Amino acid sequence: MAISDEDIQKVREASDLVTIMGERSPVKQRGRDFWLCCPFHNEKTPSCKIDPALQLWHCFGCGEGGDVFAYIMKSQDVTFPEAVRYLAERAHIDIADDAARAGHGMGQGQKARLRAVCAETAAFYHNQLMRGNSPQADAARTYLSGRGLGGDIPNKWQLGFAPGRGELVRHLAAMGFKPEEMIQANVALVGQGDRKLRDRFYNRVMFPIHDEQGECVAFGGRVIGTGEPKYLNSQETPLFHKGRMLYALDKAKATMASTGVAVVSEGYTDVIAMHEAGVTNAVATLGTSLTRQHIRVLSRHARNRIVYLFDGDAAGQRAADRALQFIDATMTPEAGASRIDLFAVTLPDNLDPAEFLTAHGADELKALIDSAQPLLKYGIDRRLAKWDLARAEGRAGALSDALSVLAPIKDSLLAKDYARQIASVTRAREDDVMAQLAALKPPRTFDEDAPGSAQTAAQQPQAPRRRLPQAEVNRRKFERQLLALCAARPDLALAHADTLASTQWHDSLCATVSASMLQTLSDNPGASPAQIVGAATLADARAGNLLSRGVPDASDPAQLVVFLSEELVIGDMEDTIAAYRAQMPAAQNDPETYKLLFESVAALQQQVVNLRQTHAQGVASAS
């Protein structure tokens, strides 16, 4: 799905890297740069630097880095086109790609209209709740007050009331929205009998659902009094995807980033009650069970752990059993920086979070969340609790049942540790339990939300890497540093354009970046650092990472560029000498060719000696 270079550049310029990365980790300014703890590995001291001028980031701890697209690709596990579209949607930029042109997708302009429909619908519902004088509106206000959601809460959360009877459709039509736009936004539908356009929601308390940026994209409605379904959510739309979105994430993500913890429940009113009680890192699923995509979204914001808060009733316990499907290799220590810590806790006395807060208060709920168990232990304990461990038959059943929880990670050290604990509880021989663990077959899993089924680069077998000589390591380091300095200081790139054009780059990526830089400056000598980096990244997506790694600290960047340029010139001359020497044995039968090669080597060697002397003098005077 091709996206034009012009659109990519527009999205890049509208996406401030400091702001975007700062949504996940606190950012602090030091001099001209910004620093934060790396989002991709655990650390206490910030080692990840953002260069606001270049719009590049680099972690000196794990080596990751690049531009804003590289950050979104890694943090959200998406492809480059998906990262561009995500940032375009975030910035409300209308981009055209092959999918939209072919009718397989919806352009950003159309999506903007749907957002406008949702925003106007939310305002209409809210006005009906706050000012409606019908008995049904009174009943809606009474319901909310009875749930502790009165006072200023309806204003803070933009709660509403849907009167139905076509009132919303007439209001939206008066505001200039077309019937097909109302249908696509799923706030209206066509009646089966008379084919008239009708309101989708009728006589319900309405909860607007916002995306991560805080824009209304869908609705959830709770029926007033009796009726089915009790809760009714928007269906999937071009804006709303239940398997990825979470209620109140826009409000909770800041606390998630500062605490490293996310709390997940299953009800709108529960989340509102928790936020009002000070548990402001709480979110809820939207009419669906927790999905792997939800976990990926949450792990971008909550770096330490995700706590699943289960209701104490039967439905909550069924949800607890379903949650065990998320046990996989990402929960083991072997996962390293990609490890995801899932925790779980069940509320006592068949209570939901709102009821628990009313009965016990916020402090006890926070203590309960803090006491949550790792999902593995939680699942094992639930399986063991089903059996009568006083009987041999019960212990045998408990052993098999509890071990099955470990099947997805059976080869990990963590699984073996838990297996020993299970052996102790069930009074089984440890060797027998280990043999039974090894014989388990991992369940087949299919993640419909995962972006593609191919192996990731990390999973694919890697060819052994050839160790480079130290001289070559230094050479490539100088190449990166020169290009990084020239990208940061376009005036220096213009002054040393001859060097950039004539250098025999050892790193092919450096050759690509150099050519792109020269072309950009040729087209626009006043190009900014961000424009230079943007063009280089279009030429090769790896350019951002290369340029973010290379910028050295220098009190005099101009002098450092001279030093690096001379190093590369000397290196190129030495390469030429080596190439001529390699040809000399074969030219011994041709005296003229041999003499020419010999004289060329001698002349070049003298040039290298002279250049090294002046080069060394320059370094000495600089120091």
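All residue numbers refer to positions counted from 1 along the written sequence of the respective chain. In keeping with the model being predicted, local features are shown solely for residues with a pLDDT of at least 70 and side-chain atom pairs are shown and tallied solely at 80 or more, while totals for entire chains, interfaces and linings include all residues. Calculation of side-chain values draws on the structure's entire complement of heavy atoms; hydrogens and water are dropped beforehand.

1. A word on the sheet that holds strand β13 (residues 282-284)
Consideration 1: Two strands pair under a simple rule: DSSP has to find at least two bridges between them. Runs of E in the DSSP output that reach at least two residues are strands. Runs of H or I that reach at least four are helices, and both are numbered from the N terminus. Taken in spatial order, the 5 strands line up as β13-β12-β14-β15-β16 in an open sheet, and their pairing is mixed. One side of each edge strand has no neighbouring strand; the edge strands of this open sheet are β13 and β16 (373-374).
Consideration 2: When strand β12 (residues 261-265) meets strand β14 (residues 305-310), the two strands line up parallel, connected through 4 bridges. Residue pairing for β14: V264 is matched across the bridge by Y308.
Consideration 3: In the packing of helix α14 (residues 314-323) onto the sheet, the strands contacted are β14 and β15 (342-346), and the crossing angle to β14 comes to about 145°. Between two residues, a contact is recorded if the distance between any of their heavy atoms is within 4.5 Å. The convention used is that axes are lines fitted to C-alpha atoms, helices contributing only their stretch in contact, and that angles between N-to-C directions extend from 0 to 180 degrees.

2. A closer look at the sheet that holds strand β1 (residues 28-30)
Consideration 1: With respect to topology, 5 strands assemble into an open sheet ordered β1-β2-β3-β4-β5, the strand pairing being antiparallel. Two strands lie at the open edges of the sheet, namely β1 and β5 (65-66), each paired on one side alone.
Consideration 2: As paired elements, strand β2 (residues 33-36) and strand β3 (residues 48-51) share 3 bridges and run antiparallel to each other. Residue F34 lies in a different strand from β3, and its bridge partner there is I50.

3. Structural notes on the packing of helix α17 (residues 375-385) against helix α19 (residues 413-426)
The packing of two helices is summarised by the inter-axis angle and the distance between the axes.
Consideration 1: The N-to-C vectors of α17 and α19 enclose an angle of 25°; their axes lie 12 Å apart at closest approach. Classified by the angle between their axes, α17 and α19 sit roughly parallel to one another. For the pair α17 and α19, the crossing hand works out as right-handed. Facing L376, K377, I380 and L384 of α17, the residues of α19 in contact are L414, Y418, I422, V425 and T426.
Consideration 2: Considered class by class, the residues forming the contact of α17 with α19 number 7 nonpolar, 1 polar and 1 charged. Put simply, angles under 35 degrees are roughly parallel, angles over 145 are roughly antiparallel, angles from 65 to 115 are roughly perpendicular, and the rest are oblique. Left-handed is the label given to a crossing in which the near helix is rotated counterclockwise from the far helix by less than a right angle, and right-handed is the label when the rotation is clockwise. All residues other than Ala, Val, Leu, Ile, Met, Phe, Trp, Tyr, Cys, Pro, Asp, Glu, Lys and Arg, Gly among them, are scored as polar; the first ten of these are nonpolar and the last four charged.

4. Structural notes on the nonpolar core
Note that soluble globular proteins tend to have their nonpolar side chains buried in a common cluster.
Consideration 1: Counting residues in each nonpolar core, the largest one holds 47 residues, and the members touching the most others are L375, L376, L403 and L406.
Consideration 2: Among the elements that line this core, the one with the most residues is α19, at 6 residues.
Consideration 3: Every residue in contact with L406, bar those within four places of it in the chain, is listed here: L376, I380, A415, Y418, A419, I422 and L437.
Consideration 4: By size, the runner-up hydrophobic cluster in this structure holds 46 residues, among which are L114, M182, V187 and L286. For this analysis, a nonpolar core means a set of buried residues of the types Ala, Val, Leu, Ile, Met, Phe, Trp, Tyr and Cys, connected via side-chain atoms within 4.5 Å. Each residue is assigned to one of three classes by its accessible area relative to the maximum for its type, calculated with a 1.4 Å probe on protein chains only: buried under 20%, partly exposed between the two thresholds, exposed over 50%.

5. Concerning empty space enclosed by the protein
Consideration 1: For cavity detection a 1 Å grid was placed over the protein atoms alone, and a set of points counts as a cavity when a 1.4 Å probe fits there but cannot get out; an open set counts as a pocket when protein lies on both sides within 12 Å along at least five of seven lines, with lining residues being those that have an atom within 4 Å of a point. Grid points are joined across faces, edges and corners, and a volume is the space filled by probe spheres set on the points. In total, this model carries 5 cavities of 30 Å³ or more according to the counting rule given.
Consideration 2: When its volume is computed, the largest cavity comes out at roughly 110 Å³.
Consideration 3: Lining the largest cavity are I20, E23, R24, Y71, I72, S75, Q76, Y86, R90, E212, R300 and H301.
Consideration 4: At the level of secondary structure, the elements contributing two or more residues to the lining of the largest cavity comprise α3 (68-76), α4 (80-91) and α13 (292-301).
Consideration 5: Here the lining of the largest cavity gets 4 residues from one element, more than from any other, and that element is α3.
Consideration 6: Of the residues in the lining of the largest cavity, the class split is 4 nonpolar, 3 polar and 5 charged.

6. As for the pairing of strand β4 (residues 56-59)
Consideration 1: Residues L56 and H58 line one face of β4 and the alternating positions W57 and C59 line the opposite face, and both faces are buried.
Consideration 2: Pairing of β3 with β4 involves 4 bridges; the strand directions are antiparallel. Bridge pairing in β4 places D51 opposite L56.
Consideration 3: Between the end of β3 and the start of β4, which pair antiparallel, lie 4 residues, with Q55 showing a positive phi angle near 55°.
Consideration 4: Judged from the 2 bridges that link them, β4 and β5 form a sheet pairing that is antiparallel. What sits directly across from H58, in β5, is G65.
Consideration 5: Linking β4 back to β5 in an antiparallel pair, the connection comprises 5 residues, with G63 at a positive phi of about 90°.

7. Digging into the confidence of the model for the protein
Consideration 1: Residue-level confidence of the predictor is summarised by pLDDT, bounded by 0 at the bottom and 100 at the top. Chain-level pLDDT for the protein is 86 on average; 91% of the residues reach the 70-or-more range.
Consideration 2: Scored below 50 in pLDDT, residues 99-105 shows 7 contacts in the model against residues more than four places distant or in partner chains.
Consideration 3: Every residue in residues 446-464 is under pLDDT 50, and counting partners more than four places away or in other chains gives 13 contacts.

8. Here we look at the packing of aromatic side chains
Consideration 1: Note on aromatic contacts: the rings of Phe and Tyr and the six-membered ring of Trp form a pair at centre separations within 6.5 Å, being stacked when their planes are under 30 degrees apart, edge-to-face when over 60 apart, and tilted otherwise. Taken as a whole, this structure holds 11 aromatic pairs when the rule is applied.
Consideration 2: Taking 6.0 Å as the distance between ring centres and 55° as the angle between the ring planes, the aromatic pair formed by F124 and Y125 counts as tilted. Grouping residues by exposure puts F124 and Y125 together as buried.
Consideration 3: Residues Y247 and Y268 carry aromatic rings whose centres are separated by 4.9 Å and whose planes lie at 75° to one another, so their mutual orientation is edge-to-face. Residue Y247 is located in the loop between β11 (231-233) and α11 (249-259), and its partner Y268 is located in helix α12 (residues 268-276); the two are separated by 21 residues in the primary sequence. With respect to class, Y247 is no different from Y268; both count as buried.
Consideration 4: For a ring to carry a charge above it, either NZ of a lysine or CZ of an arginine must fall within 6 Å of the ring centroid while also lying within 35 degrees of the normal to the ring plane. Positioned above the aromatic ring of F201, the side-chain terminus of R200 is 5.4 Å from the ring centre.
Consideration 5: Against the face of W157 rests K251, its NZ or CZ located 4.9 Å from the ring centre.

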